[in-house]
Amino acid sequence: MTEARPAAAASASLWERDAELAVVTEAVDALRDGTSPSASGSLLVIGGEAGIGKTALLSETRRIAERRGCTVWSTRGGETVTSVPFNVVRQLLQPALLSLMPEEAREYLGDWYDVAGPALGITEPGERQADPQGVCDGLVVAVSRLAKREWPLVLLIDDAQWADQETLHWLAAFCERLDELRVLVVVALRTGEATGDTARYLDTIAAAARRPVSTLSELTPEATAGLTRATLGAHADAPFCREVWAVTGGNPYETVELLAKVQDSRLEPVEASAVELRALNRSARGNGLVARLESLGIEATRFAWAAAILGTGITVDLVARLATMRHDEAVRCAELLGAARILAEPDPAGRQAADGELEFVHPLIASAVYRSIPDGLRTAMHGIAAQVVTDSGLGAAAASRHLLEVHPDDDEELVEQMREAAREHLAVGAPEAARRCLERALLEPPLPEVHPHVLYELGCATLLTSPATTIDYLQAALAMPGLEGDVRVDAVCRLSQALLHNDQLDEAVRTVDAEAARLEPGPSRMRLQAVHYMWEGIHAAEEDSPDRSRELAELARTCTGKDNSERALLILRGFDAMTHGENAEEVVELCDRALVNGRLAPGLGWTDTEWGIELMLGSAYAYTDRLDRAESLFTEALRAYESAGWSGGHLALAHAYVGLAHRRRGRLGEAETSLRESLRLAERVGRGLPLYWSATCGLVDTLLARGHVHEAWTVSERYGFAPPYPSTIVLPDTRCVRGRLLLAVGRTEEGVGELEAAEKAAAGRGHNTVLAPWAADLARALAADDPRRAAELAVTARRQAELSGTDTAIGEALRVAAALETGQRAAALYARAVTYLEASPCAYEHALARVEYGVATRSAAELKRGLTLAQSCGADGLAAQAQEALGGPGLA
């Protein structure tokens with residue numbers, strides 16, 4: 001047991017906490033010890049019921065850390081402010097960031113300043129809606145970089161069960177990266193109270209700790225007796241001490257409060273007085289605490305109520321305005337409540353507080369006071385608080401927390417306030433907070449002419465987080481009168497996008513078709529037609545592909561690229577023509593016409609949300625041997641998304657397509673790095689989405705090219721790279737890559753089946769033989785058992801490659817044809833394949849042809865050239881094959 005300590009009442013919760021304090025001390029010392037393996041960072045999670053001593057343990061952690069020269073930042077959640085986005089992480093980081101000059105903050109945060117700065121309240125948001133994942137990543141980077149400046153850094157987060165969702169999102173992500181950082185994070189929470197997303201985030205945080213959650217236990221009778229005597233005097237007798245323990249159940253907070261009441265009442269700590277302890281204890285919480293508050297007078301009660309309504313940022317001035325009392329009267333009430341241990345000035349050691357700022361002594365008190373306010377009065381006070389906050393210049397988002405509690409009353413002004421608050425929340429990357437505001441606006445309800453616009457804004461707010469919810473809101477908005485012009489067209493496009501993400505591709509197409517039929521010819525109708533062809537163009541099944549391609553070609557023939565609708569149609573036509581293996585020069589000409597001075601037009605940029613068609617343009621270039629243009633576009637996308645803080649699906653796709661460009665170039669190691677990063681980001685967004693398939697398929701294809709067959713199989717098993725495939729097109733073709741994988745691991749029959757399924761999907765139309773090389777792969781697989789069928793497939797591949805006309809396509813077709821021949825015929829075909837592939841930008845395919853040519857002709861010179869190329873590509877398997885062939889007999 002921990003023996004009596006100085007200032008025992010203040011440190012009551014530290015009794016019997018020796019084991020926990022030892023863990024804390026060890027963690028702080030490890031952080032300070034630069035030679036320790038655990039100096040990379042660590043996480044401690046402390047759990048327990050209300051009043052069990054979590055806050056006191058965090059306070060002692062601060063003292064331990066500061067005595068050892070650590071920088072300590074702290075914050076806490078609040079029961080009444082969980083709806084305020086980034087509230088807790090702002091408390092944690094704002095003081096440190098505001099202590100820097102603006103240029104210093106920019107220097108430390110770099111490109112992330114404009115991404116995370118608005119969420120932290122240190123800079124104004126940009127014009128575009130912030131990406132929530134990007135903001136979360138920006139916050140992780142912010143703390144990571146500041147940690148290097150402030151090392152050794154300790155972060156204390158109290159009452160995490162009441163932290164806002166945005167803070168918990170950041171904290172979960174940050175804790176998962178502690179191995180890379182030298183930071184100690186200590187999180188305290190009430191166990192068993194969290195539900196939903198909060199519980200999920202807290203579970204993720206706890207799982208990141210190397211130690212199990214430290215669940216604090218109640219004080220033992222012996223510790224309670226020691227604390228009682230340390231507080232009241234050594235003459236406190238045993239029966240009195242036992243009753244203190246029985247009344248409080250060993251809860252440290254209740255024990256401290258009860259002993260303070262004993263002191264206030266001058267009760268003698270003897271057995272005869274023990275019967276009065278239960279009555280005294282009732283005033284420490286719940287109704288008893290409320291009665292104690294009311295005994296201080298109506299003005300003090302009003303002051304405490306107003307403070308509880310505000311919840312955070314409590315100052316005498318704001319409370320006075322909310323409670324409608326004079327300033328001198330408010331000061332007197334604050335002093336009364338301070339003397340009664342209900343309110344106090346924040347501990348300056350814990351955090352930097354504003355002048356005159358107050359806080360409740362304990363969260364239990366704050367909760368009890370808030371719940372004691374009569375329902376009707378509480379609602380009215382929230383309404384007044386919203387006005388006070390607005391008048392103080394804190395903005396609509398800050399006021400919205402209070403407006404969420406106000407009863408609906410046909411208030412047009414409230415609707416507009418909530419719409420403005422939603423815009424502010426979206427601008428800093430808090431779409432869930434925006435959704436709450438707009439849903440509250442709907443309850444008011446809005447005026448008929450405003451109602452569909454609120455629904456539209458709700459659909460936009462939930463697009464990134466819940467496609468199914470977006471569908472409901474946008475369909476409701478479109479069913480009402482009031483949405484017209486560009487807003488209506490935009491609503492239809494967003495609805496179709498949500499339907500696509502919800503795996504309702506056919507419904508997405510029908511939606512844009514129905515709206516296009518309502519419109520006269522013009523830019524709006526052309527935009528919807530472009531969206532129609534965009535969704536059909538990425539449909540993997542493409543049952544009506546020939547007719548659709550003819551319709552698209554006819555429509556694009558009239559387009560000059562005068563506006564973005566025409567440019568989009570040109571890109572779609574170019575992508576469609578590329579996938580079907582049409583002439584590469586014509587594909588490139590279509591794509592070039594869609595550019596303005598060789599660049600994407602304004603409104604078609606990577607972070608412009610109207611179209612989202614740019615990757616199709618880069619893909620068309622990538623599979624027509626214009627890899628310089630494709631790589632430039634994909635790299636530009638990556639930079640644009642990173643700069644804008646778009647860290648979700650957009651960034652995952654950008655990494656996937658940069659990986660695709662590296663793969664086509666033959667830079668296989670770089671391709672693998674990009675694709676693994678894409679897959680990491682895609683996992684965070686969610687499995688099963690098209691972007692997830694792009695990352696997985698590209699990585700498997702690259703690993704096979706490198707000769708890492710076992711690793712490719714492991715990836716496919718881990719990430720579910722197997723049927724059923726997505727309904728959208730994936731680059732490269734999923735069936736071809738899966739078929740090649742199965743052949744590589746010896747599952748020949750299954751591999752042939754996959755390639756034949758790819759052949760069936762392409763029946764009746766052309767195909768790009770580089771994007772979907774099923775004919776070439778199937779010919780090689782069937783060469784031994786069915787040489788006639790293999791030869792027919794090789795002819796098909798060559799004929800289709802010549803239609804496309806790229807060096808890569810023709811060279812690859814010749815290489816396959818050569819593999820089916822022997823002697824001089826094979827050598828001649830290989831020689832031609834090498835000539836074409838040497839002229840192509842695809843180094844890996846060139847290396848393949850060189851090695852195969854060297855093997856066929858027993859040419860040491862060709863094998864050495866092939867070996868050098870294979871090594872430069874990172875094609876380990878091919879390099880080993882060339883090396884082995886060079887060691888064989890009979891080389892020329």
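Per-chain numbering applies: the sequence of each chain, read as written, is numbered from 1 onward. This being a predicted model, a pLDDT of at least 70 is required before a residue's local features are given, and a value of 80 or more before pairs of side-chain atoms are given or counted; all residues contribute to the totals for chains, interfaces and linings. Excluding hydrogens and water, the side-chain values take into account all heavy atoms of the structure.

**Focus: the overall build of the protein chain**
In this description a helix means any DSSP run of H or I spanning at least four residues, a strand means any run of E spanning at least two, and both kinds are numbered starting from the N terminus. Each helix and strand counted, the protein chain has 44 helices and eight strands in total. Expressed along its principal axes, the backbone C-alpha trace of the protein chain runs to roughly 115 × 70 × 50 Å. A simple rule labels every residue: compare its accessible area, found with a 1.4 Å probe on the protein chains alone, to the largest value its type can have, and call it buried under 20%, exposed over 50%, or partly exposed in between. Put simply, the protein chain has 892 residues, and 57% of those count as buried. We call two residues in contact when some of their heavy atoms are within 4.5 Å. Considering only intrachain contacts with a sequence separation of at least 6, the fraction spanning at least 24 residues in the protein chain is 66%. Taken as a whole, the protein chain presents about 36500 Å² of accessible surface, with 50% of it coming from carbon and sulfur. A distance of 4 Å separates the average location of the 88 positive side-chain charges in the protein chain from that of its 128 negative side-chain charges. The accessible surface values rely on the Shrake-Rupley method and a 1.4 Å probe; as for residues, cover is taken only from the protein chains in view. The charged-residue count follows a simple rule in which Lys and Arg add positive charge and Asp and Glu add negative charge, with His and chain termini not counted at all. Charge positions come from single atoms, namely NZ of Lys, CZ of Arg, CG of Asp or CD of Glu.

**Regarding the packing of aromatic side chains**
Pairing of aromatic side chains here covers Phe, Tyr and the six-membered ring of Trp, requires ring centres within 6.5 Å, and sorts the geometry by plane angle: under 30 degrees stacked, over 60 edge-to-face, intermediate tilted. Scanning the entire structure with this criterion turns up six aromatic pairs. Ring centres 6.3 Å apart and planes at 80 degrees place the aromatic pair Trp606 and Tyr641 in the edge-to-face group. Of this pair, Trp606 sits in the loop between α29 (584-593) and α30 (614-622) while Tyr641 sits in helix α31 (residues 627-644), and the two are 35 residues apart along the sequence. An identical accessibility class is assigned to Trp606 and Tyr641; each is buried.

**Observations regarding the pattern of salt bridges**
For this document, the term salt bridge refers to a Lys or Arg side-chain nitrogen within 4 Å of an Asp or Glu carboxyl oxygen. The full count for this structure, using the stated rule, is 62 salt bridges. One salt bridge in this structure joins Arg780 and Glu852, with 3.5 Å as the shortest N-O distance. Linking Arg780 in helix α38 (residues 774-782) with Glu852 in helix α42 (residues 843-857), this pair joins segments that are 72 residues apart in sequence. Taking relative accessible area as the criterion, Arg780 reaches 33% and is therefore assigned partly exposed.

**Comments concerning the packing of α42 against helix α43 (residues 860-873)**
The convention used is that axes are lines fitted to C-alpha atoms, helices contributing only their stretch in contact, and that angles between N-to-C directions extend from 0 to 180 degrees. Close contact between α42 and α43 brings their axes to 8 Å; oriented N to C, the two are set at 150 degrees. For the element pair α42 / α43, the angle class is roughly antiparallel. The hand of the α42/α43 crossing is left-handed. Contact with α42, carried on its side by Ala843, Tyr844, His846, Ala847, Arg850, Val851, Tyr853, Gly854 and Val855, involves Glu862, Leu863, Arg865, Gly866, Leu867, Leu869, Ala870 and Cys873 of α43 and no other residues of that element. With respect to orientation, any angle under 35 degrees is reported as roughly parallel, any angle over 145 as roughly antiparallel, any angle of 65 to 115 as roughly perpendicular, and every other angle as oblique. Handedness of a helix crossing follows the sense of rotation of the near helix relative to the far helix, less than a right angle counterclockwise being left-handed and clockwise being right-handed.

**Some details on helix α3 (residues 87-98)**
To estimate the expected span of a helix, count its residues, drop one, and scale the result by 1.5 Å. With twelve residues, α3 should cover 16 Å at 1.5 Å per step; its first-to-last C-alpha distance of 16 Å lies within 8% of that length. Of all the residues in α3, the buried ones are Asn87, Val88, Val89, Gln91, Leu92, Leu93, Ala96 and Leu97. Buried residues along α3 sit against β2 (71-76), α4 (102-109), α5 (113-120), α6 (132-150), β3 (153-158) and α7 (165-175).

**Overview of the sheet that holds β2**
Note on sheets: strands pair through backbone hydrogen bonds, and any given pair is parallel or antiparallel. Here, strands pair whenever DSSP counts at least two bridges between them. Strand order in the open sheet made by the five strands is β2-β3-β4-β1-β5, with parallel pairing throughout. In the strand order of this sheet, the two ends are held by β2 and β5 (214-215), each with one partner. Bridge count for strand β1 (residues 42-48) against β5 is two bridges, and the pairing is parallel. By the bridge assignment for β5, Ile46 is matched with Ser214.

**A word on the side chain of Thr696**
Within the secondary structure, Thr696 is located in helix α34 (residues 690-706). Residues contacting Thr696, with those up to four places away along its chain left out, are Leu679, Val715, Tyr719 and Phe721.

**Let's talk about the packing of helix α18 (residues 375-391) against helix α19 (residues 396-403)**
It is the contact of α18 with α19, at a shortest axis distance of 8 Å, that shows an interaxial angle of 175 degrees. Taken together, the axes of α18 and α19 are roughly antiparallel relative to one another. Contacts between α18 and α19 involve His382, Ala385, Ala386, Val389 and Thr390 from the former and Ala398, Ala399, His402 and Leu403 from the latter. Gly is put with the polar residues, along with every residue not named as nonpolar or charged; the nonpolar set is Ala, Val, Leu, Ile, Met, Phe, Trp, Tyr, Cys and Pro, and the charged set is Asp, Glu, Lys and Arg. Grouping the constituent residues of the contact of α18 with α19 by class yields six nonpolar, three polar and no charged.

**Points about the side chain of Arg378**
Take Arg378: it is sitting in helix α18. Polar contacts, as used here, are pairs of N or O atoms within 3.5 Å; protein pairs need one atom able to donate a hydrogen and one able to accept it. Residues neighboring in sequence count only if both atoms are side-chain atoms. Looking at Arg378, its side chain comes within polar contact range of the main-chain oxygen of Tyr370, at 3.4 Å. Excluding residues within four positions of it along the chain, Arg378 makes contact with Ile309, Tyr370, Arg371 and Ile373.

**As for the pairing of β1**
Within β1, seven of the seven residues are buried, leaving the element largely enclosed by the surrounding structure. Relative to strand β4 (residues 183-190), β1 is paired through seven bridges, and the arrangement is parallel. Its bridge partner being in β4, Leu43 is matched across the sheet by Val185.

**With respect to a negative patch on the surface**
Each patch is built from residues that are more than 30% exposed by relative accessible area and take part in no salt bridge. Like charges join if they lie within 9 Å; nonpolar side chains (Val, Leu, Ile, Met, Phe, Trp, Tyr) join within 5 Å. A surface patch of like charges, here negative, comprises Asp409, Asp410, Asp411, Glu412, Glu413 and Glu449. Structurally, Asp410 can be placed in the loop between α19 and α20 (412-428).

**Things to note about α34**
Residues lying three or four places apart along an α-helix face the same way, a consequence of the helix completing one turn every 3.6 residues. For α34, which comprises 17 residues, the first-to-last C-alpha distance of 24 Å matches the rise-based estimate of 24 Å (1.5 Å per residue) to within 8%. Judged by how many residues are buried, α34 sits mostly within the fold: 16 of 17 residues are covered. Gly707 sits one or two positions beyond α34 and adopts a positive phi of about 90 degrees.

**Some points on the nonpolar core**
Throughout this description, the term nonpolar core refers to a set of buried Ala, Val, Leu, Ile, Met, Phe, Trp, Tyr and Cys residues connected via side-chain atoms within 4.5 Å. Counting 140 residues, the largest nonpolar core has Trp535, Ile613 and Phe634 as the members making the most contacts within it. A total of nine residues in this core trace back to one element, the largest contributor, which is α34. Contacts of Trp535, omitting those with residues within four sequence positions, involve Ser496, Gln497, Leu500, Leu505, Ala508 and Val509. If you look at the next biggest cluster of nonpolar residues, it comprises 55 residues, including Ala116, Leu171, Ala172 and Ala209.

**Here's the deal with the environment of Glu439**
Along the chain, Glu439 turns up in helix α21 (residues 431-443). Residue Glu439 is classed as partly exposed on the basis of its relative accessible area of 24%. Residues Glu439 and Val454, spaced 15 residues apart in sequence, show a C-alpha to C-alpha distance of 8.5 Å. Looking at Glu439, its side chain comes within polar contact range of the side chain of Arg435, at 2.7 Å.

**Details of the pairing of β4**
Extensive coverage of β4 is indicated by the burial of eight of its eight residues. Of the two faces of β4, the one lined by Val183, Val185, Val187 and Leu189 and the one lined by Leu184, Val186, Ala188 and Arg190 are each fully buried. Bridge count between β3 and β4: five bridges; the pairing is parallel. Residue pairing across strands places Leu156 opposite Val186, the latter belonging to β4. A clockwise course of the path from the first strand over the helix to the second, judged with the strands pointing away from the viewer, identifies a crossover as right-handed. For the handedness criterion, the β-α-β arrangement of β3, α7 and β4 is classed as right-handed.

**Focus: unusual backbone geometry**
With an omega dihedral of -5 degrees, the bond running from Trp151 to Pro152 counts as a cis peptide bond. Note on placement: Pro152 falls in the loop between α6 and β3. For the bond running from Leu731 to Pro732, omega is -5 degrees, close enough to zero to count as cis. Considering the arrangement of structural elements, one finds Pro732 in the loop between α35 (709-718) and α36 (734-744). The phi dihedral of Asp625 is positive, around 65 degrees, even though this residue is not glycine. You can see Asp625 is positioned in the loop between α30 and α31.

**A short note on the environment of Trp606**
By relative accessible area, Trp606 is classed as buried at 4%. Through-space distance from the C-alpha of Trp606 to that of Ala637 is 5.8 Å; in sequence the pair is 31 residues apart. With sequence-adjacent residues up to four places away left out, Trp606 is seen in contact with Leu600, Glu614, Leu615, Leu633, Glu636, Ala637, Ala640, Tyr641 and Trp646. Of note is the side chain of Trp606, whose polar atom sits 3.3 Å from the side chain of Glu636.

**Some details on the sheet that holds strand β7 (residues 343-344)**
With respect to topology, three strands assemble into an open sheet ordered β6-β8-β7, the strand pairing being antiparallel. Sheet topology places β6 (314-315) and β7 at the edges, where each strand pairs with a single neighbour. Of the strands in this sheet, β6, β7 and β8 (357-360) are in contact with helix α14 (residues 298-310), which crosses β8 at around 90 degrees.

**Quick word on the environment of Asp203**
In this fold, Asp203 is placed in helix α8 (residues 196-207). Along the primary structure Asp203 and Ala856 are separated by 653 residues, whereas in three dimensions their C-alpha atoms are 60 Å apart.

**Quick look at the confidence of the model for the protein chain**
Each residue gets a pLDDT score, which is the predictor's confidence in that residue and runs from 0 to 100. Averaged over all residues, the pLDDT of the protein chain is 89; the fraction at 70 or higher stands at 95%. The model gives residues 1-10 a pLDDT under 50, and that stretch makes 23 contacts with residues more than four places away or in other chains.

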